[in-house]
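# Report on the structure
What follows is the residue order along each chain.
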Amino acid sequence: TTYQCHDSYVYHVQPSRDSKLVITSSSWRTPYSKLWSVGDFFDEKKQFKDEEYLEFSCNVQDKVVGTQSDAVATIYDLHTGQLSRTLKPTSSNGYSRNRATFDPTDDLILSDGVLWDYRAPRQIHKFDKLNQTLSGVFHPNGLEIISNTEVWDIRTFHLLRTVPQLDQCQIVFNSGGEVIFGLNLEQELEDETKFETAFKTFDASDYSLIATIETKKSVLGLCSSWDDQSLAVVEQGNGECVESAVRMYDVGRLRAEEEDQEDDGEDEDGGPDDDDSDGSSDGMGGGDDNDDEYGEDLSGSGSGTPSEDDLDDPDDEVDADEVEDLDDDDGGTIADDDDSWEDIEVEEEVGGD
């Protein structure tokens, strides 16, 4: 089903955890954001005229926080639908992509690089501005704020570390909070808007880079499933085909599928030893590798025909009686056996013992 939500394109959609409410935000033409109820019908519950971005609170989703221009953050109570807080800093940082957000406990709010106590409300701290674009987000552990490449300690307001790979990346955590997905922001060129054709994954405990996933199409957004088993990625074609689509990824199954494909390939080829059917590599005959693997040839010359040195050696002479014994035992003559000279020499060595 398709619903007409805004007069301009929708760039942000967030459902509530109970899937009964949905937030949508658009880029231009008021109202910028709306709240919808989801059930038998998709109904509009409330309009937010000046909130360019809107999101639910984290711990108990009974509030929404909106982002207005000039670094103003607004908080609405969902039970009453009334405005409960307006947070305006004494001096703003002026981030171009500021998005007000709650911390995991719903006690703190970050907006335009300024940390607020929602309960007071009062301004607690203003973080140094080290980039022009991203204000920052809370880490799910509730102890850190990630602002572009900088990671700040909420308890001391000190800079903990920098992560260069997160430069100009929109950050999305998986549902468990163990993995960070980094999406590069769009680049505004003279005649087009360019998106990266890949996204990055990081370990949320130490910010180490896990992998860079190449999609071959522009990545507009992504979201992990509630059980972190699937990942939905909004992709847009490049060149002549610019249609957008949502591609579903199974998390952690790519390597297993590759191994299964390799196993299937070996089964179709008949196994890894099919190329050695002449026995050259397993010591079953006919190849130069046989001599190298098993050492010196017993015949002396390495062939079925005796060399001159073999004929001249008096120790290698064989009596006629021994030849007759060999004929009687083997049921044939020397001339009929291709490996007769080797057999004679082995018999002589055994007899000598």
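Read on for an overview of the structure. The shown structure was predicted, so the numbers you read here are calculated from the model rather than taken from an experiment.

About the thresholds
- Residues numbered from 1 in each chain as written.
- Predicted model: local features only at pLDDT ≥ 70, side-chain atom pairs only at ≥ 80, totals over all residues.
- Heavy atoms only, no water.
- Helix = DSSP H or I, 4+ residues; strand = E, 2+ residues; numbered from the N terminus.
- Contact = heavy atoms within 4.5 Å.
- Buried < 20%, exposed > 50% of the residue type's maximum accessible area, 1.4 Å probe, protein only.
- Pairing = 2+ DSSP bridges.
- Polar contact = N/O pair within 3.5 Å; in protein donor to acceptor, adjacent residues only side chain to side chain.

## Quick word on the environment of L87
Inspection of the secondary structure assignment puts L87 in strand 8 (residues 83-87). Separated by 13 residues in sequence, L87 and A100 place their C-alpha atoms 10.0 Å apart. Those residues within four positions of L87 in sequence are excluded, and the remaining contacts are A71, V72, A73, I75, I109, W116 and P121.

## Overview of the pairing of strand 17 (residues 169-173)
Of all the 5 residues making up strand 17, 4 are buried; the element is thus mostly covered by neighbouring parts of the structure. In this structure, strand 17 lies alongside strand 18 (residues 179-184), joined through 5 bridges in antiparallel fashion. Note on strand 18: the bridge partner recorded for I171 is G182. Between the antiparallel neighbours strand 17 and strand 18 lie 5 residues, among them G177 with a positive phi of about 80°.

## Topic: the environment of F127
Topologically, F127 is positioned in the loop between strand 12 (122-126) and strand 13 (137-138). When the C-alpha atoms of F127 and H158 are compared, they prove to be 9.2 Å apart, with 31 residues separating the residues in sequence. Beyond its immediate sequence surroundings of up to four residues, F127 is in contact with N93, L110, G113, L115, I145, W152 and F157.

## A short note on the environment of Y207
Turning to its location among the elements, Y207 is positioned in the loop between strand 21 (198-203) and strand 22 (209-214). Each C-alpha atom, one on Y207 and one on I180, is 8.1 Å from the other, the two residues being 27 residues apart in sequence. Discounting chain neighbours no more than four positions away, the residues touching Y207 are H139, E144, I146, V151, R161, V163, I180 and F202. A polar atom in the side chain of Y207 sits 2.5 Å from the side chain of E144.

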